Amino acid sequence: MWGIMIALISGALMSIQGVFNTEVTKQTSLWVSTGWVQFSALLVCIGAWFFTGRERIGELALVNHRYLLLGGVIGAFITVTVIQSMSSLGPARSAMLIVVAQLAVAYGIELLGLFGVERAPFEWRKLLGMVIAIAGIVIFKWE
């Protein structure tokens, strides 16, 4: 139950953040807004690190598979693409497409066992669920 609550909060925060970032971009620029998002996130992380366990930062050098350290780089491009999609499609359409893309890529990662994730067997019901989600986007976009 806790995982479901956290996922719902995460989705809600992503939508709110996307709207905020899009509005800041309208008043500044894409890379200024994106830079601010990443910088302010860094400040929050540093603050949280001071008030929690204070694990050794040097442990990053011990991470297996160095490509896993690209999460921040990917995060910058997530911010940019969310801003651009919300600006051109609006928050609701953008969020639906983002969620379906997340679902499709996540299921592909599970099916192929990529990036250290345990391989999952193919299930027709999961594919059907994705098709239904895509149909929902078509219906939502239908004018």
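Residues numbered from 1 in each chain as written. Predicted model: local features only at pLDDT ≥ 70, side-chain atom pairs only at ≥ 80, totals over all residues. Heavy atoms only, no water.

Novice: With reference to specific residues and values, describe the overall build of the chain.
Specialist: Broken down by element type, the chain carries 5 helices and 0 strands. Going from N to C terminus, the chain has its helices and strands arranged as α-α-α-α-α. The principal-axis extent of the C-alpha atoms belonging to the chain is close to 50 × 45 × 30 Å. Within the chain, buried positions represent 16% of all 143 residues. Taking the contacts inside the chain whose residues are at least 6 apart along the sequence as the reference set, 55% of them involve residues at least 24 apart. (Helix = DSSP H or I, 4+ residues; strand = E, 2+ residues; numbered from the N terminus. Buried < 20%, exposed > 50% of the residue type's maximum accessible area, 1.4 Å probe, protein only. Contact = heavy atoms within 4.5 Å.)

Novice: Would you mind going over the packing of helix H1 (residues 2-27) against helix H3 (residues 71-89) in detail, with residue names and values included?
Specialist: Where H1 contacts H3, the axes come no closer than 9 Å and their chain directions differ by 80 degrees. When the axes of H1 and H3 are compared, the pair comes out roughly perpendicular. Residues Ser15, Gly18, Val19, Asn21, Thr22 and Thr25 of H1 lie in contact with H3, whose contacting residues are Thr79, Val82, Ile83, Met86 and Ser87. Grouping the constituent residues of the contact of H1 with H3 by class yields 4 nonpolar, 7 polar and no charged. (Axes fitted to C-alpha atoms, helices over the stretch in contact; angles between N-to-C directions. Parallel < 35°, antiparallel > 145°, perpendicular 65-115°, else oblique. Nonpolar A, V, L, I, M, F, W, Y, C, P; charged D, E, K, R; others polar.)

Novice: Go over the environment of Glu23 with me, naming the residues and quoting the values.
Specialist: If you trace the backbone, Glu23 turns up in helix H1. As for Glu23 and Ser87, which are separated by 64 residues in sequence, their C-alpha atoms are 8.6 Å apart.

Novice: Tell me about the packing of aromatic side chains, residues and numbers included.
Specialist: Inspection of the entire model under this criterion finds 5 aromatic pairs. Residues Trp49 and Phe50 carry aromatic rings whose centres are separated by 5.1 Å and whose planes lie at 65 degrees to one another, so their mutual orientation is edge-to-face. Classification of Phe50 as partly exposed rests on a relative accessible area of 41%. Note on Tyr67 and Phe115: the rings are 5.9 Å apart at their centroids and 55 degrees apart in plane angle, and the pair reads as tilted. Taken together, the residues span a long stretch of sequence, with Tyr67 in the loop between helix H2 (30-51) and H3 and Phe115 in the loop between helix H4 (91-112) and helix H5 (124-141) at a distance of 48 residues. You can call Tyr67 partly exposed: its relative accessible area is 39%. The class of Phe115 is exposed, set by a relative accessible area of 52%. It is Arg54 that lies over the ring of Trp49; its NZ or CZ is 5.9 Å from the centre. (Phe/Tyr/Trp six-rings, centres within 6.5 Å; stacked < 30°, edge-to-face > 60°. Lys NZ or Arg CZ within 6 Å of the ring centre and 35° of its normal.)

Novice: Which residues make up the side chain of Thr22, and what are the values?
Specialist: Inspection of the secondary structure puts Thr22 in helix H1. If we ignore the near neighbours within four places in the chain, the residues touching Thr22 are Val82, Ile83, Met86 and Ser87.

Novice: Could you give an account of unusual backbone geometry, with specific residues and numbers?
Specialist: The general pattern is negative phi for most residues beyond glycine and trans for most peptide bonds. Despite not being glycine, Arg54 shows a phi value in the positive range, around 55 degrees. Here Arg54 is to be found in the loop between H2 and H3. Despite not being glycine, His65 has its phi angle at roughly 60 degrees, a positive value. Within the secondary structure, His65 sits in the loop between H2 and H3. By relative accessible area, His65 is classed as exposed at 54%.

Novice: Please give an account of a nonpolar patch on the surface that cites residues and values.
Specialist: The grouping of Met1, Trp2, Ile4, Met5, Ile6, Leu8, Ile9, Leu13, Ile16, Val19 and Phe20 at the surface amounts to a nonpolar patch, some 1200 Å² of accessible area in total. With respect to the helices and strands, the residue Phe20 is situated in helix H1. (Patch = residues over 30% accessible without salt bridge, like charges linked within 9 Å, V, L, I, M, F, W, Y side chains within 5 Å. Areas by Shrake-Rupley, 256 points an atom, 1.4 Å probe, with all protein chains shown as cover. Salt bridge = Lys/Arg side-chain N within 4 Å of Asp/Glu carboxyl O.)

That is the geometry; function is a separate question.
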